[in-house]
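Structural overview for review
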Amino acid sequence: MRCWERPLIEIIRLSVNGDSHEIGVPSHYTLLETLRYVLGLTGSKQGCDKGDCGACTVLLDGLPTLSCILPVQEAIGRQVTTIEGLADPDGPHALQDALDLTGGAQCGFCTPGILMSAAALLNVNSSPTRQEIREALSGNLCRCTGYTKIYEAVELAARALREQRPPAEVLRS
Amino acid sequence: MLPNFTYERPGSVDEALEHGSSEGAVLHAGGTDLLGCLRDGVFSAKKVVSLSGLEELRGISPTRDGGLRVGALTTLTGVASDPTIAERYTVLAQAAASAASPQLRNQGTIGGNICQRPRCWYFRGDWHCLRKGGDTCYAIAGENHFHCIFGGSGCYIVHPSDTAPALQALGASVRIASRSGSRTVPIESFFLLPADDIQRENLLEPGELVTEVLLPPVASGTRSVYRKVRDRGAWDFALAGLAAVVTMPGDSVETASLVLSGVAPKPWRAAEAEGALTGARLDAETIARVVAASVAGALPLEHNGYKVALVRGLMEETLRALA
Ligand SMILES: Cc1cc2nc3c(=O)[nH]c(=O)nc-3n(C[C@@H](O)[C@@H](O)[C@H](O)COP(=O)(O)OP(=O)(O)OC[C@H]3O[C@@H](n4cnc5c(N)ncnc54)[C@H](O)[C@@H]3O)c2cc1C
Ligand code: FES
Ligand code: FES
């Protein structure tokens, strides 16, 4: 890149996981690049970088969104939730525990995106059917697990949340 | 990383048209197609003009004539989950729900869906093909498994949209704004074939933008359905698809609209099949005639002859389900 082609840096305000950040970003950055390379939130993964894999999934105002094809300006004034914002201070989200217990994460590359899609599903549907889970996760590729253990994890987490018990206890019962 | 550009988010349609008319400007609705094009260098942009601040282009509302107005910025999720669309324009709800993935449907809009660029891998790749201003269509002698069997000449893309054939089967029209005013065109004449213009898929001029899609009222007793065949169960473009809208007040079909996706450079009306269906009883004999008529004039390339069989199968399955 030549010096006169230097990207225009814009100062923007972004709300991520409840924190408000004032940051300078090149105007052609995606939300994913901003999260990873400006804010240091590297949980959201850069897989295909073109909408094909779902590894970069974050929630935008609660809806699963591919941050790799979202210009960062489109996130201004909206609530961004990334995998770093899924757990609460007391411990992991039930989905995170459940995925651990069922063996639903292997290499882990797809896991942050899967968790965000699954969390959005459980926010609106506390007892999803297997088919509803499949559909909600149909935009997240996993090359390791074969998906079954991921579906089991979502079912386990849903039950744990309904019964207000830790997933490990539900599994034992 | 994306190439360098400046970003504008106008607050009104007039302002968007002003920005959109400047040299090197491209429009951004949901960006799900645009960002891929920019990243892969299919075309370039000096300025990206985002439509996302134009609230007036979002949402679904009834029109005075009993039809429906769908703002161009309505997301595919919004279209697929709208109760009126699901009930009265079922084919459109099904088409929107079948496109891409949940995340892409949350981001992608209906305006962007009908204006998206083709997925031909030569067009998307490093080849300077006819559609990009070069002098060769690499698909003719190349890997043409996913190319068209109808309407090709010079260039053999298929139109990638799932909602466009549904809209065409419903008789929708498209409202287009420019700095000199606005016009409404039937969606049938919105799309172009390579023979009309080898570098464009629709008649939008630079600086024009789609503001809404207008659906006419539906006659009572109308049944409609969208069926799509793809390589995997989700998240894929149509190898072939069929949008069917049929009215059948008694035993026989009164009107039939059959529009194919995935097989031509624009949504492809199976006119001979419609002719064979209209006025006929929906029995096995009619279905056989309609199926035969649906592939009349098909000209497959070396590797896409299977699409002829897919169209026949889609037609037969769909009509049996409607019978
Ligand atoms: C992995 C993947 C899978 C996909 N699968 C499917 C599929 O199965 N079926 C399908 O139909 N699509 C599919 N798509 C395409 C998807 O991009 C569209 O479905 C989506 O609706 C495009 O809308 P958008 O708002 O994101 O468009 P954008 O990317 O914002 O725009 C697309 C193009 O249209 C122009 N444009 C947008 N809005 C307007 C307007 N109002 N007026 C004038 N021009 C406009 C833009 O300038 C741009 O050139 C897929 C995409 C990806 C990345
Ligand atoms: S990195 Fe965004 S979809 Fe693959
Ligand atoms: S765990 Fe490896 S890709 Fe899903």
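Turning next to the overall build of chain A. Looking only at helices and strands, one finds six helices and five strands in chain A. Going from N to C terminus, chain A has its helices and strands arranged as β-β-α-β-β-β-α-α-α-α-α. For 173 residues, the compact-globule formula gives about 16 Å, and the C-alpha radius of gyration of chain A, at 17 Å, lands near that figure. Expressed as lengths along the three principal axes of its C-alpha atoms, the size of chain A is roughly 65 × 30 × 25 Å. Once local pairs closer than 6 in sequence are excluded, the contacts in chain A between residues at least 24 apart make up 49%. Carbon together with sulfur atoms contributes 49% to the accessible area of chain A, which is approximately 8100 Å² in total. Charge centroids of chain A, computed over 15 positive and 20 negative side chains, lie 5 Å from each other.

For the rest of this paragraph, the subject is a nonpolar patch on the surface. A contiguous nonpolar surface patch, about 270 Å² in accessible area, is contributed by Trp 121, Phe 146 and Tyr 306 of chain B. With respect to the helices, strands and loops of the structure, Tyr 306 of chain B is situated in helix α13 (residues 306–322).

Here we take up the confidence of the model for chain B. Mean pLDDT over chain B works out to 96, with 100% of the residues at or above the 70 mark. Note on the complex model: pTM 0.97, ipTM 0.94.

Residues and elements named next belong to chain A. Inspection of every chain in the model, using the stated rule, returns 26 salt bridges over all chains. Its salt-bridge partner being Arg 78, residue Asp 61 comes within 3.0 Å of it at the nearest N-O pair. Taken together, the positions of Asp 61 in the loop between β3 (57–60) and β4 (63–66) and Arg 78 in the loop between β4 and β5 (79–81) put the pair 17 residues apart, joining distant regions of the chain. Salt bridges sharing common partners tie together Arg 159, Glu 163, Arg 165 and Glu 169.

Turning to the interface of chain B and chain A, a few remarks are in order. Each partner contributes residues to the interface: chain B has 25 residues there, and chain A has 36 residues. Carbon and sulfur atoms make up 54% of the surface buried where chain B meets chain A, a total of about 2300 Å² over both sides. Joining chain B to chain A, the criterion identifies one salt bridge. Across the pair Asp 49 of chain A and Arg 39 of chain B runs a salt bridge whose closest N-O atoms are separated by 3.8 Å. In this structure, the connection of chain B to chain A is made through 14 residue pairs in polar contact (both at pLDDT 80 or more). For the side of chain B that touches chain A, the secondary-structure elements that each account for two or more residues are β1 (6–8), α2 (34–39) and α6 (102–107) of chain B. No other element matches the five residues that α6 of chain B contributes to the side of chain B that touches chain A. The class makeup of the residues in the side of chain B that touches chain A is ten nonpolar, twelve polar and three charged.

To continue, consider the sheet that holds strand β10 (residues 240–247) of chain B. Residues and elements named next belong to chain B. With antiparallel pairing, four strands are arranged side by side in an open sheet as β9-β10-β11-β12. With one partner strand each, in any of the chains shown, β9 (222–229) and β12 (268–269) form the two edges of the open sheet. The pairing of β9 with β10 spans eight bridges and is classified as antiparallel. Opposite Lys 228, over in β10, you have Gly 241 as the bridge partner. With respect to the sheet, helix α5 (residues 90–98) is in contact with β9 and β10, its orientation differing from that of β9 by roughly 20 degrees. α13 rests against β9, β10 and β11 (255–261) of the sheet, and its axis sits at about 145 degrees to β9.

Each value, and the rule that gives it
- Residues numbered from 1 in each chain as written.
- Chains lettered and ligands numbered in written order.
- Predicted model: local features only at pLDDT ≥ 70, side-chain atom pairs only at ≥ 80, totals over all residues.
- Heavy atoms only, no water.
- Helix = DSSP H or I, 4+ residues; strand = E, 2+ residues; numbered from the N terminus.
- Rg over C-alpha atoms; globule rule 2.2 N^0.38 Å.
- Contact = heavy atoms within 4.5 Å.
- Areas by Shrake-Rupley, 256 points an atom, 1.4 Å probe, with all protein chains shown as cover.
- Lys, Arg positive; Asp, Glu negative; His and termini not counted.
- Charge placed at Lys NZ, Arg CZ, Asp CG, Glu CD.
- Patch = residues over 30% accessible without salt bridge, like charges linked within 9 Å, V, L, I, M, F, W, Y side chains within 5 Å.
- Salt bridge = Lys/Arg side-chain N within 4 Å of Asp/Glu carboxyl O.
- pLDDT = per-residue confidence, 0-100.
- Buried area = accessible area lost by both parts, 1.4 Å probe.
- Polar contact = N/O pair within 3.5 Å; in protein donor to acceptor, adjacent residues only side chain to side chain.
- Nonpolar A, V, L, I, M, F, W, Y, C, P; charged D, E, K, R; others polar.
- Pairing = 2+ DSSP bridges.
- Axes fitted to C-alpha atoms, helices over the stretch in contact; angles between N-to-C directions.

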